[in-house]
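Secondary and tertiary structure notes
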Amino acid sequence: MHLSLRHISKRFGATLANDDVSLDIPPGRVLALLGENGAGKSTLMKILYGMIRPDTGDVVIDGRPVRLPSPRAAMDLGIGMVFQRFSLIPALTVRENLALANPRTPWIVGSGARRVPGLLDRLRDIAPDVDPDARVSTLPVGQIQQVELAKVLNLETRLLILDEPSAVLSDAEAERLWSLVREIAARGIGVVLITHKLADVRACADDVAVMRRGKLVGRAEAADTDAPALLRMLVGDDTVATVSAEPVRRNALPRIWIRDVSADGPSGTIRDIDLRIAPGEVLGIAGVAGNGQDTLADACAGVTALRQGEVTVDGETLFAPRLEPRNHGRVAYLPEQPIRNAVGPDLSLAVNLSLRCLRSLPWMVDRKQMAKTAADLMERFDVRPPEPGRRAETLSGGNLQKLVAARELSGSPALVVACYPTMGLDVTASAAMYARLFAMAREGCAVLWISEDLDDLLRYAHRIAVLFRGRIAGVCDAGPASRTRIGAWMTGAEAFA
Amino acid sequence: MTAFDIVTSGFLISALRSATPLTFALVGETLTQRTGVINLGLEGQLLVGAMCAYAMTAAWGNPWLGLVAGAIAGMALSAVHAALVVGTRANQFASGLAVWMLGFGLSAYYGSSLVGRKIESFESIVPKSVADLPVLGSVIAGLTPTVVLAVLIVPVSALWLWRTRTGLRWRAVGESPEDARAAGANPSLIRIQAILLGGLLSGLGGAALSVDYTRTWAEGMSAGRGLVAVGLVIVARWNPWWTFPAALLFGGAEALSLRLQTADANVSAHLLHCLPYVASLAILTLTYVRGRVSSAPAGLRAVMDR
């Protein structure tokens, strides 16, 4: 199926999201669609998937213009899309989710959809180790994505759109995904990979198309381009600032002492965590997803009650079992999945930005003042669009992340807990986020930084602690030399030896 | 009185008969709530169903016609809820209360001429000779078609919800309408179907109440059964299989309160009438104390939290 987009334009209010974009998508090839947050690549693909109607322009399949009034129509034409926000239903099992989306599911599906013939064929091909009877809510994110892929492939898809598929994956999971994408393309299916990671392009793309500010600014074969050239196309003439953390004084007293902490969270338990973070230090937490990172972050931010131990700031207890949290603005928390964990989705941006100082707001809130403060913050943290009255749920993932950073990092915290802070951010915005974290550290803040991106951790953190099955498998100084040791700790190869 | 006596002396059958109208309503509400909609109008649907069924039976002398009329009436009233909730996206609680009051008023108005009228109702489904069988004879002899229907509707609805594509879609809509839509289901249509099916079953429950259980019509005769059903859905954990024990619990408490009254227990009849409700309340509290109600459809949480 040879698909072309011809002269597509789409306007949302004041912004021109797509400006006369024409794009060819040949079968059997992987096209990487690159662009920064808000460059218009998601809009373009949503048009292709029938979720948005373009103002002008056509979608043409094999020379024939087609109408795409709904995702259903797109699916019927063989266009499938895997969203960044997964569309599997967590409370149902893998089988039930697959059966739900499969148009050939018979009326009798049997208990747990175990009687649907052929349901698991695609899943077996791409992910033989996924338990089909497990509830999706219990699967790690890499497996959820594989199920999502199987679900779309079950629909006889001939064009597959993947929206930033590697954003939520660890390195190992991303490599698995890349080889999957290659296999899928080898079967003659066209693949569009929306991404802003150059690693994705290097690993599996045949062609690259770059969008900037709603326009298609370049298209090339992946083999003919190199990283600097792509980067120039991506960000235009802007240069990407390089950031680095300052060296830390090692003899300093710990600013934060996570002392012998155990806690149970919904996504895992942690046991006997003992970490000291000096003022100005960035402590990275590495580990394969699901080894207790979320619980550690929640415990250090006072979201999850401790079962044992305490968290202290400058010797003063912040959190301990059966103790009313005493953080009072001294912990800044950038949780993962900000839409779920860090904002009120249907509150305005201004209200969301003032949530942190809720206790100190006057009884009668001065809305104008609130909107003004919000506008200032959004300008400083580059939250787009900068409309204080807009509801938080209407922001894109990257801008939500920036919104939460604007709220959390604008005070004077002693501890910053950052979970995957650059997830969903493009190159420029990631650099800005890191620069902010290091600026906090420079002011004497302790930073606990949870990430699955080992490269970034090794480059930017002072020390790295590795979580394995809820315990600290090891702590070492960051640096290229530590990579193999950390890798061994992450996989449990020398766990607790 | 030993446990054996309780069973054989007809306590079990009176519990079963009392639980029958509730079972219909409970199964219906369970299915409705599975799609993420709460229908507090159940009470009104029971009343309208009871009234229409009674009127039909009185006019034509055929209780089966009564059941059909009751079911249709309950469904018609629930269409109001469907139109408000799905059509205009009205608040589900407000809409449910409106439907309840509407059903109460309509049934009281049109039912006023039915007060005191006699009807021909169902016979036992088994021949008289069976009643002489030892142990379970009296139970079997007391079975009427509505009781059997109520017992059957439980496995049917459970199999339908857990083992068919339609049931899967309903559950998906209850968990996440957006994702269900992405998977090709039509959440609005499914919710309308679910509300109407809930209305049909509660109308049938009302019919069983007036035509078979009490065999009389009185204003407001459902006496809170609809609201009890809404609460028992939580006790049954949104699982059709558990609706029957939950309904039996209520029925058993009601049978017990009647038994205590006839046994000249020195307790106010008004207090005894509270027994089934106290029992339902107690079991509901226990359900929450025992742990998080984790099997609730995620879509319902959105309704509850607003």
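Within any chain, residue numbers begin from 1 and follow the written order of that chain's sequence. Each chain takes a letter, starting from A, and each ligand takes a number, starting from 1, following the order in which they are written. In keeping with the model being predicted, local features are shown solely for residues with a pLDDT of at least 70 and side-chain atom pairs are shown and tallied solely at 80 or more, while totals for entire chains, interfaces and linings include all residues. Side-chain numbers here rest on the full set of heavy atoms in the structure, without hydrogens or water.

Description of the overall build of chain B
Check the secondary structure of chain B and you find 14 helices and 0 strands. Listed by position from the N terminus, the elements making up chain B come as α-α-α-α-α-α-α-α-α-α-α-α-α-α. Each radius of gyration reported is based on C-alpha atoms, and the globular scaling rule is 2.2 Å times the count of residues to the power 0.38. Rg of the C-alpha trace for chain B: 19 Å, near the compact-globule value of 19 Å for 306 residues, within the 12% margin. Summarising its shape, the C-alpha atoms of chain B cover approximately 60 × 45 × 40 Å along the three principal directions. Using a 1.4 Å probe on the protein chains alone, a residue whose accessible area is under 20% of its type maximum counts as buried, one over 50% counts as exposed, and one in between counts as partly exposed. Each of the 306 residues in chain B was classed as buried or not, and the buried ones make up 53%. Numbering of helices and strands starts at the N terminus; helices are DSSP runs of H or I of at least 4 residues and strands are runs of E of at least 2.

A few points about the sheet that holds strand E13 (residues 282-286) of chain A
Residues and elements named next belong to chain A. Strands are labelled as partners when DSSP assigns at least two bridges between them. The strand order across the open sheet built from 6 strands is E16-E17-E18-E13-E19-E20, with neighbouring strands paired in mixed fashion. The sheet terminates laterally at strand E16 (331-334) and strand E20 (471-477), the two strands that pair on one side only. Neighbour-to-neighbour, the strand axes of the sheet open up by a mean angle of 15°, direction not taken into account. Strand direction decides the pairing type here: E13 and strand E19 (residues 463-468), joined by 4 bridges, are parallel. Looking across to E19, one finds that Gly 284 is bridged to Ile 464. On top of the sheet, helix H9 (residues 293-301) reaches E13, E16, strand E17 (415-419), strand E18 (446-450) and E19; it is set at about 150° to E16, its chief contact. Helix axes use the C-alpha atoms of the stretch in contact, all axes being lines fitted to C-alpha atoms, and the angles between their N-to-C directions lie in the range 0 to 180 degrees. Contact criterion: two residues are considered in contact whenever any of their non-hydrogen atoms come within 4.5 Å of each other.

Some words on the environment of Gly 290 of chain A
As for its placement among the helices and strands, Gly 290 of chain A is situated in the loop between E13 and H9. Spatially, the C-alpha atom of Gly 290 of chain A lies 6.9 Å from that of Pro 140 of chain A, the residues being 150 residues apart in sequence.

What about the pairing of E16 of chain A?
All names here are of chain A. Side chains of E16 alternate between two faces, with Val 331 and Tyr 333 and Ala 332 and Leu 334 buried alike. Here E16 runs beside E17; their pairing, made up of 4 bridges, is parallel. Bridge pairing links Tyr 333 to Val 417 in E17.

Regarding the domain arrangement of chain A
Residue and element names in this part refer to chain A. The source of the domain bounds is an automatic or database domain assignment. Domain boundaries assigned for chain A yield domain 1 (3-235) and domain 2 (256-496). Note on definitions: buried area is the accessible-area loss of two parts on being combined, 1.4 Å probe, summed for both. For the pair domain 1 and domain 2, the two sides together bury roughly 970 Å², of which 47% comes from carbon and sulfur. Whenever Lys or Arg places a side-chain nitrogen within 4 Å of a carboxyl oxygen from Asp or Glu, that contact is recorded as a salt bridge. Linking domain 1 with domain 2 are 0 salt bridges. Under the rule applied, a polar contact is a pair of N or O atoms within 3.5 Å (in protein, one hydrogen donor and one hydrogen acceptor; residues adjacent in sequence only if both atoms are side-chain atoms). Linking domain 1 to domain 2 there are 0 residue pairs in polar contact (both at pLDDT 80 or more). We call Asp, Glu, Lys and Arg charged. Ala, Val, Leu, Ile, Met, Phe, Trp, Tyr, Cys and Pro are nonpolar, and the rest, Gly among them, are polar. Each residue belonging to the side of domain 1 that touches domain 2 can be placed in one class, and the counts come to 5 nonpolar, 4 polar and 4 charged.

Focus: the pattern of salt bridges
Residue and element names in this part refer to chain A. Applying the stated criterion across every chain, the model contains 30 salt bridges over all chains. We note a salt bridge from Lys 372 to Asp 376, for which the minimum N-O separation is 3.7 Å. Pair noted here: Lys 372 and Asp 376 are both in helix H12 (residues 367-381), with a separation of 4 residues, about one helical turn. On the basis of relative accessible area, Asp 376 is assigned to the partly exposed category, the value being 44%.

Focus: the packing of helix H2 (residues 11-34) of chain B against helix H10 (residues 187-213) of chain B
The description of two packed helices rests on the angle between their axes and on the distance between the axes. All names here are of chain B. In the contact formed by H2 and H10, the axes pass within 7 Å of each other and the chain directions differ by 175°. Judged by the angle between their axes, H2 and H10 are roughly antiparallel. Between H2 and H10, the residues in contact are Arg 17, Ser 18, Thr 20, Pro 21, Phe 24, Ala 25, Val 27, Gly 28, Leu 31 and Thr 32 and Ala 194, Ile 195, Leu 197, Gly 198, Leu 201, Ser 202, Leu 204, Gly 205, Ala 208, Leu 209, Asp 212 and Tyr 213, respectively. In the contact of H2 with H10, the residues fall into 13 nonpolar, 7 polar and 2 charged. In what follows, roughly perpendicular refers to angles from 65 to 115 degrees, roughly parallel to angles under 35, roughly antiparallel to angles over 145, and oblique to any angle outside these ranges.

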